[in-house]
There are 4 protein chains.
Amino acid sequence: MPRDDKPTLGIGMVGYAFMGRVHSQAWRSVSAFFDLPVTPTMAALCGRSKERTTAAAADLGWAAVETDWRDLIRRDDVDIVDICTPGDSHAEIAIAALAAGKHVLCEKPLANTVAEAEAMSEAARAAAAKGVYAMVAFNYRRVPAVALARRWVEEGRLGELRHVRAQYLQDWIVDPEFPLVWRLQRDQAGSGALGDIGAHIIDTAEFITGDVIAGVSALTETFVKERPLAEASAGLVGDSRTSERGTVDVDDAALFIGRMRGGALASFEATRFAAGRKNSLRIEINGSKGSLAFDFEAMNELWFHDHTLSGAEAGFRRILVTEPEHPYAAAWWPPGHGLGYEHTFTHEAKDFIEAVAAGVAPSPSFEDGLRVQRVLAAVETSAADESRWTVVS
Amino acid sequence: MPRDDKPTLGIGMVGYAFMGRVHSQAWRSVSAFFDLPVTPTMAALCGRSKERTTAAAADLGWAAVETDWRDLIRRDDVDIVDICTPGDSHAEIAIAALAAGKHVLCEKPLANTVAEAEAMSEAARAAAAKGVYAMVAFNYRRVPAVALARRWVEEGRLGELRHVRAQYLQDWIVDPEFPLVWRLQRDQAGSGALGDIGAHIIDTAEFITGDVIAGVSALTETFVKERPLAEASAGLVGDSRTSERGTVDVDDAALFIGRMRGGALASFEATRFAAGRKNSLRIEINGSKGSLAFDFEAMNELWFHDHTLSGAEAGFRRILVTEPEHPYAAAWWPPGHGLGYEHTFTHEAKDFIEAVAAGVAPSPSFEDGLRVQRVLAAVETSAADESRWTVVS
Amino acid sequence: MPRDDKPTLGIGMVGYAFMGRVHSQAWRSVSAFFDLPVTPTMAALCGRSKERTTAAAADLGWAAVETDWRDLIRRDDVDIVDICTPGDSHAEIAIAALAAGKHVLCEKPLANTVAEAEAMSEAARAAAAKGVYAMVAFNYRRVPAVALARRWVEEGRLGELRHVRAQYLQDWIVDPEFPLVWRLQRDQAGSGALGDIGAHIIDTAEFITGDVIAGVSALTETFVKERPLAEASAGLVGDSRTSERGTVDVDDAALFIGRMRGGALASFEATRFAAGRKNSLRIEINGSKGSLAFDFEAMNELWFHDHTLSGAEAGFRRILVTEPEHPYAAAWWPPGHGLGYEHTFTHEAKDFIEAVAAGVAPSPSFEDGLRVQRVLAAVETSAADESRWTVVS
Amino acid sequence: MPRDDKPTLGIGMVGYAFMGRVHSQAWRSVSAFFDLPVTPTMAALCGRSKERTTAAAADLGWAAVETDWRDLIRRDDVDIVDICTPGDSHAEIAIAALAAGKHVLCEKPLANTVAEAEAMSEAARAAAAKGVYAMVAFNYRRVPAVALARRWVEEGRLGELRHVRAQYLQDWIVDPEFPLVWRLQRDQAGSGALGDIGAHIIDTAEFITGDVIAGVSALTETFVKERPLAEASAGLVGDSRTSERGTVDVDDAALFIGRMRGGALASFEATRFAAGRKNSLRIEINGSKGSLAFDFEAMNELWFHDHTLSGAEAGFRRILVTEPEHPYAAAWWPPGHGLGYEHTFTHEAKDFIEAVAAGVAPSPSFEDGLRVQRVLAAVETSAADESRWTVVS
């Protein structure tokens, strides 16, 4: 029983792995929970293998299939191109799609290099002038607790900001026998923990504070320098010992300290070697009037210390960010009935659709993505040069 | 792009309020994440108001609309009837649907009285003989952490069970001006906190322990005896003070202690007056070899104390139940990328569909629902008779 | 370098086991942290064995030794008798000491029977008329967090009380080979978990709420009915299998639900079989304006939910009860530098000395201890008679 | 009743403020809980003001008083000099005391400059040759949880170390009107948060890992550059606006990243501007086989993730470090009856006395203190030179 009272916007998605699956769930669900001005439809899915893409389309609910992204962006039923591929293809696809008059939602990090990101940002600026919009998919901005943190900082409830303490801790490659997947290869992934998860905490920190990182001093490390080739580990390669291992040419971990332009001190750590931490995107902000703390492993909670209360009754309070007054929460369930990882993408889809429908630029923009890219580049520059202070250009 | 390789089962759902919305999301999503032998289709939605039901069907993705459940169960494209109405209509609809050869998924509590539940259980038994199946929707069994708890108790990792400590704490009616909604009226809801949330902890306790409650001693209380009529509070009623308030004839809170048949002591508390607790379904089980603790407000965590470890290194450990080895988890996201409330229903839909497709009885059965109903009845009997010990019949 | 500017009060202590050791530390330390009007001196320690008592006195810092408590209470240098023996000797010593004009601090539970407790309470009343005071040592009242909870309830910050949820969970006898120590024998201990730790949560609940338990419905259980004799387990007994085990004639666990006179519902559980819980005295109070939660395993924290805040910013907050405004805290260290178990006794000593010096009755009184005893008796009566409702006399 | 069976060691303590008070409590209590080979006696307290020192000695239990530390170290009844003054006087007193044949326990940081620390370390080495010992008072090593962490790292339970993440967060000077106390003045304190609390996390990190910091890149900041003079804030100064404020010439916060010699990456942050964090000395260590996490605000807990367990059952476990098998714990109370801040000093006193009595060098040595001093110096050097990488000399 299709909704006949609303226009539709056709989505064309490139890639159907982890990101593609969760984006599909967002497109599939968003209209059921949010009263959108237009209804997104799952027009076509694009992947290199016809067979695999067809199977994925059936599972994920896409109406058609393409095997070349150039064909996808030519389709009349595609209004929005959703890019869920590794970073090395973002620039080419996004720029072409925008040029073709398609709105673009692009996974993060925006690109693998600053140059690519600049070109993308430039293309987005040109497209926006024609009412065609681009957004980079920093989904953690759409965790209700993170959006609430942003709201409160903006309202001045933390006062003058003094400290940002951000970590993104995972442990999926602690085992040295874990294979050399694409995320561990520079040509596809651009960098390692830095670009994959470090990008998220950079964006989250800048988003919540409403400030930007002015400069950094950094260290990176690759603890395990060789790993079994992904195919080898899957048993698809012969017995030649030499050919079985490849070099890890990205960072396993990146640490940096920095200054926010507004004067706060900041510390960042992104690692895939924090045994026992599964997806711990943590951030704490200390201000003159209060503090906020968040850990994605308990994503429905925001911890708030109100420093304007008397010492006798102040303390970090655990706010379940599931009340109707909280960002996004009214669309879902009663208080205390928490959300999960996927809902950050549903919120992203909602915000993107609303912006496009209203003809306003969605956020975070490619410009925001470029800024994160510049921080990533500054981190790599600093780490390569004895941690020297590096201004974010 | 429909899946042409799998048969379908048409769902007909009655009710589209809170439960209807979350069931819809489950039916909409389940096939994208689980490789089911048959594909559920959202055939028809049933509600009393044509207009409202049509709008809901559009929002929630149902293909057709009915305004009488009798018509719904007559539809050829409906193979499964999903009952999401208040408890007073469960028996009639479920019995008729089973008689009509439709599989039934029925929200909890199974019914408002033991007599109704008995009739339903009887009908389910008769239908099962013909390959028509019924299940009661105790969704919390499908929290991965709860399912893991069950698995470990079954494997003997807790040893002999000594204690069950279960609480379901909410706070949505602490304010005496909160209106007299249907959940606060005996004729529709059957009971108050007891049947609504007490039923969940009874089922969860019996599910995890694999044991049943033998007898109870109980207290119930209604703290706020009169409340504004729901319409009044919505501003739809005139100024007559007398007509504006109604009597709360259900319990606000129910406490009971009991014995499990296997010898463990158990304590239960269900309340809507625990200020600050939003949806805290908590359960702790202590055994001779270990303990488990769970709180739905942090639903991705299971706390496990292994008492067979040396004292020097034992302690409650926080297990993020998001690993591929954990129940249901492999279908979703990487470790640490948690699930939310709605996914318990997706898991329920998956298990129900798989059972029906395989021609085996799904669990929990109406028999299980009846047993919970008997515990609820025993609690009310005990509470009404000075807390005297009451054997669960 | 003795303080010559203050009078002294000589302490005579009976018993030097666990309680004697911690009381000694309190007497030794209290004057260094609190500016008391009189200085307690550690005059004499009393125990049955001359040799062991002498060694203990040396370790613990007592100036003299007695082997008969009758001699102790005759000493001129003893002004206060501190009773740290098992419950079976409390009544005799306390009554005699009060008759001899000595102030009495008596460990809990006040006695092993209501009759004894009544006699003690009577003796305390008579003594008070002559300016001789008695106090029962419910030390948990002197946890700063518990005292703060009491203060806030008294100030009305929780509004009307709805729920008391109290548990005292330990696990030291989970192993069935743990020996039959005196705490597991009725003639010395009076009861098991009930009197030992259940007494603490009864008192704590009544203290914080300022209310009393009106009636109860109870269950008790002895999970392990026979245990190695304590001597046997220590290797002091021969090889006769029969003689090696003794009957556990006290409860391992006690559960009860009840009503506070003011209308709140209450649930209590005391057990030594909660594997993994070491000394978890937990209490949560829910009121119409807020809630408080405490767990002794994190004794420096009080969790407070302010229900008068907007839903968007309310949540349980973790207050570190170490600020100068908090009860007792100014005497100690800077904020965040927590206290431990022993300090509850230092606070007890301080309050007792101050009351005695001021000529006012210390609290909790023997009357308070008697009331707890009556609750314990009601629990045992109810548990012995099918959990029937039993009014606390 | 003095112990006549053991020799005594007389303590002479310099300073009676915060550190002096807690050291006094340690000396007063240590013999009651630990069976020491010699008994420390509280021989004499030294302070500048005769009157105040006499009052403090009475309160804290010291037998005599001196007003010049040179007189103190000349006393025959003083065998150990315990230095509890600000850092600017450590070197002079410690060196003189060691030269006079007195054992020395010196508060941290060892000194205000590397040069002083070198001289002290040299003096300690010379004294040790004559059986006279020196120790620096990094008390947090004696938190049972920290000592347990060290034990497990030493036993290899964490495998190869990858990350050290250490923070010491306080908030006592967030208010810009907090006065300019001595800890905020370079001439007395040497540095700000860095030397006061940063020194602790440096030592704790090196202690637990058994490794040393090889080099650092650092940032420091003084957020509030002027503060009321301490006397002014106390109302002792006139109305001249100019004279009322003084310059804060130490850091408010210090951040640095570094590498451990063994290859782990490390990040450190010391701040007095983390609103809501009272005394949060936190450290997390990630290794190839497991992780440990600690926060002093919950000092009785150590969190351990055993990465050798299957993913399905691994998770951070909360170990209450109060079991008899745990460091120091057997001397105190039953499991779950936690310790407080002061007990770290009691443990320090115990270890120091035992080492001195046994004629072995106590730990941490002045050499250890010097190494911490060198890290502090490297941090200041790096921070002053654009965060450039600075090798710890």
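The residue numbers shown here count from 1 along each chain, following its written sequence. Written order decides the labels, with chains lettered from A and ligands numbered from 1. Residues qualify for local features only when their pLDDT is at least 70, as the model is predicted, and side-chain atom pairs are given and counted only at 80 or more; totals for whole chains, interfaces and linings, by contrast, use all residues. To obtain the side-chain values, all non-hydrogen atoms of the structure were used and water was disregarded.

Draft legend 1. Highlighting the sheet that holds strand E5 (residues 103-107) of chain A. Residues and elements named next belong to chain A. Pairing between strands requires that DSSP locate at least two bridges from one strand to the other. What counts as a helix is a DSSP run of H or I of at least four residues, what counts as a strand is a run of E of at least two, and both are numbered from the N terminus. An order of E3-E2-E1-E4-E5-E6 is seen for the six strands of this open sheet, with the pairing classed as parallel. Each having just a single partner strand, strand E3 (64-66) and strand E6 (134-137) make up the two edges of the open sheet. Between one strand and the next, the sheet's axes are offset by a mean angle of 25 degrees, whatever the strand orientation. We call two residues contacting when some pair of their heavy atoms lies within 4.5 Å. Note on definitions: angles span 0 to 180 degrees between N-to-C directions of axes, and those axes are lines fitted to C-alpha atoms, for helices only across the stretch in contact. Contacts from helix H10 (residues 343-358) reach strand E1 (8-14), strand E2 (39-46), strand E4 (80-83), E5 and E6, with the element oriented near 155 degrees to E5.

Draft legend 2. Spotlight on the interface of chain D and chain A. Across the boundary between the two partners, chain D contributes 46 residues, which contact 46 residues of chain A. Between chain D and chain A, roughly 3600 Å² of surface is buried when both sides are summed, and carbon and sulfur atoms account for 58% of that area. Two parts lose some accessible area (1.4 Å probe) when they are put together, and adding that loss for both gives the buried area. Sorting the residues of chain D by area buried against chain A places Arg162(D), Leu219(D) and Ile257(D) first, and these three jointly supply 16% of that buried surface. By convention in these notes, a salt bridge is any Lys or Arg side-chain nitrogen within 4 Å of a carboxyl oxygen on Asp or Glu. At the boundary of chain D with chain A, the tally comes to eight salt bridges. In this structure, Arg259(A) and Glu221(D) form a salt bridge, with 2.6 Å as the shortest nitrogen-oxygen distance. In protein, a polar contact requires one atom able to donate a hydrogen and another able to accept it; more generally it is a pair of N or O atoms within 3.5 Å, and residues adjacent in sequence count only if both atoms are side-chain atoms. The tally of links between chain D and chain A comes to 21 residue pairs in polar contact (both at pLDDT 80 or more). At the level of secondary structure, the elements contributing two or more residues to the side of chain D that touches chain A comprise strand E7 (161-169), strand E8 (213-221), strand E11 (253-260), strand E12 (265-271), strand E13 (280-287) and strand E14 (290-295) of chain D. In this count, Pro and Cys sit with the nonpolar residues alongside Ala, Val, Leu, Ile, Met, Phe, Trp and Tyr, while Asp, Glu, Lys and Arg are called charged and the others, Gly among them, polar. By residue class, the composition of the side of chain D that touches chain A is 18 nonpolar, 17 polar and 11 charged.

Draft legend 3. Fine view of the side chain of Asp251(A). Residue and element names in this part refer to chain A. Mapped onto the elements, aspartate 251 comes out in the loop between strand E10 (245-247) and strand E11 (253-260). At 5.3 Å, arginine 186 is the nearest oppositely charged side chain to aspartate 251, a buried residue that forms no salt bridge. A polar contact of 2.8 Å, which involves the side chain of aspartate 251, links it to the backbone nitrogen of glycine 192. Only 2.9 Å separates the side chain of aspartate 251 from the backbone nitrogen of leucine 194, close enough to count as a polar contact. Excluding anything up to four places from it in sequence, aspartate 251 contacts Ser191, Gly192, Ala193, Leu194, Thr220, Glu221, Thr222 and Arg272. Burial classes: relative accessible area under 20% of the type maximum marks a residue as buried, over 50% as exposed, and values in between as partly exposed (1.4 Å probe, protein chains only). Here the positive residues are Lys and Arg and the negative ones are Asp and Glu; neither His nor the chain ends is included.

Draft legend 4. Fine view of the relation of the copies chain B and chain A. With an axial shift of 0.0 Å and an RMSD of 0.0 Å, the rotation relating chain B to chain A amounts to 180 degrees. The relationship between the two copies is best expressed as a two-fold rotation axis. If distances are taken from each C-alpha of chain B to the rotation axis, the shortest is found for Gly340(B), at 2.1 Å. Interface overlap between copies: 100% of the residues of chain B at the interface are likewise at the interface in chain A, consistent with a symmetric, same-surface contact. To superpose the copies, least squares is applied to the C-alpha atoms of every residue with a pLDDT of at least 70 in both.

Draft legend 5. Seen up close, the sheet that holds strand E6 (residues 134-137) of chain B. All names here are of chain B. Taken in spatial order, the six strands of this open sheet run E3-E2-E1-E4-E5-E6, and their pairing is parallel. Edge strands, defined here as strands with exactly one partner in the open sheet, are strand E3 (64-66) and E6. Mean inter-strand twist for the sheet, computed between neighbouring axes without regard to direction, equals 25 degrees. In this sheet, E6 lies alongside strand E5 (residues 103-107) in parallel orientation, the contact comprising four bridges.

Draft legend 6. A look at the confidence of the model for chain A. Along the chain, pLDDT gives the predictor's confidence residue by residue, from 0 to 100. Per-residue confidence for chain A gives a mean pLDDT of 95; residues scoring 70 or more make up 96%. Note that pLDDT drops below 50 for residues 232-242 of chain A; the model gives that stretch eight contacts with residues more than four away or on any other chain.

Draft legend 7. Spatial organisation of helix H8 (residues 193-209) of chain C. All names here are of chain C. The terminal C-alpha atoms of H8 lie 23 Å apart, and with 17 residues this matches the ideal 24 Å at 1.5 Å per residue to within 8%. Each residue is assigned a bend, namely the angle between axes fitted to the seven residues that terminate at it and the seven residues that start at it. Considering bend angle alone, the principal kink of H8 is centred on alanine 199 and spans about 35 degrees. Across the 17 residues that make up H8, a large majority, 17, are buried. The length a helix should cover is 1.5 Å for every residue beyond the first.

Draft legend 8. Structural view of the pairing of strand E8 (residues 213-221) of chain C. All names here are of chain C. Across the nine residues of E8, seven count as buried, placing the element largely inside the fold. Bridge count between E8 and strand E11 (residues 253-260): eight bridges; the pairing is antiparallel. Its bridge partner being in E11, threonine 220 is matched across the sheet by alanine 254. Bridge analysis of E8 against strand E17 (residues 390-391) gives two bridges, and the strand direction is antiparallel. Bridged to valine 216 within E17 is threonine 390.

Draft legend 9. Region of interest: the packing of aromatic side chains. The criterion for an aromatic pair is that two Phe, Tyr or Trp rings (for Trp, the six-membered ring) have centres within 6.5 Å, with stacked assigned to planes under 30 degrees apart, edge-to-face to planes over 60 apart and tilted to the rest. Throughout the structure, instances matching the rule amount to 66 aromatic pairs over all chains. With a centroid separation of 5.9 Å and 80 degrees between ring planes, the pair formed by Tyr140(A) and Tyr168(A) is classed as edge-to-face. Remark: Tyr168(A) occurs in strand E7 (residues 161-169) and Tyr140(A) occurs in the loop between E6 and helix H6 (144-154); sequence separation between them is 28 residues. Taking the relative accessible area as the measure of exposure, Tyr140(A) reaches 3% and is therefore buried. One aromatic cluster in this structure is built from Phe18(A), Tyr140(A), Tyr168(A), Phe296(A), Tyr341(A), Phe345(A), Phe33(B), Phe34(B), Trp332(B) and Trp333(B). Any Lys NZ or Arg CZ found within 6 Å of a ring centre and within 35 degrees of that ring's normal is scored as a charge over the ring. The ring of Phe316(C) is capped by Arg277(B), whose NZ or CZ atom sits 3.7 Å from the centre of that ring.

Draft legend 10. Just the environment of Phe256(B), in detail. Tracing the chain through its elements places Phe256(B) in strand E11 (residues 253-260). Taking C-alpha positions, Phe256(B) is 8.4 Å from Ala266(B), a pair spaced 10 residues apart along the chain. If we skip the residues at most four places from it in the chain, Phe256(B) touches Leu194(B), Ile202(B), Val216(B), Ser217(B), Ala218(B), Ala266(B), Ser267(B), Phe268(B), Val375(B), Val379(B) and Ile257(C).

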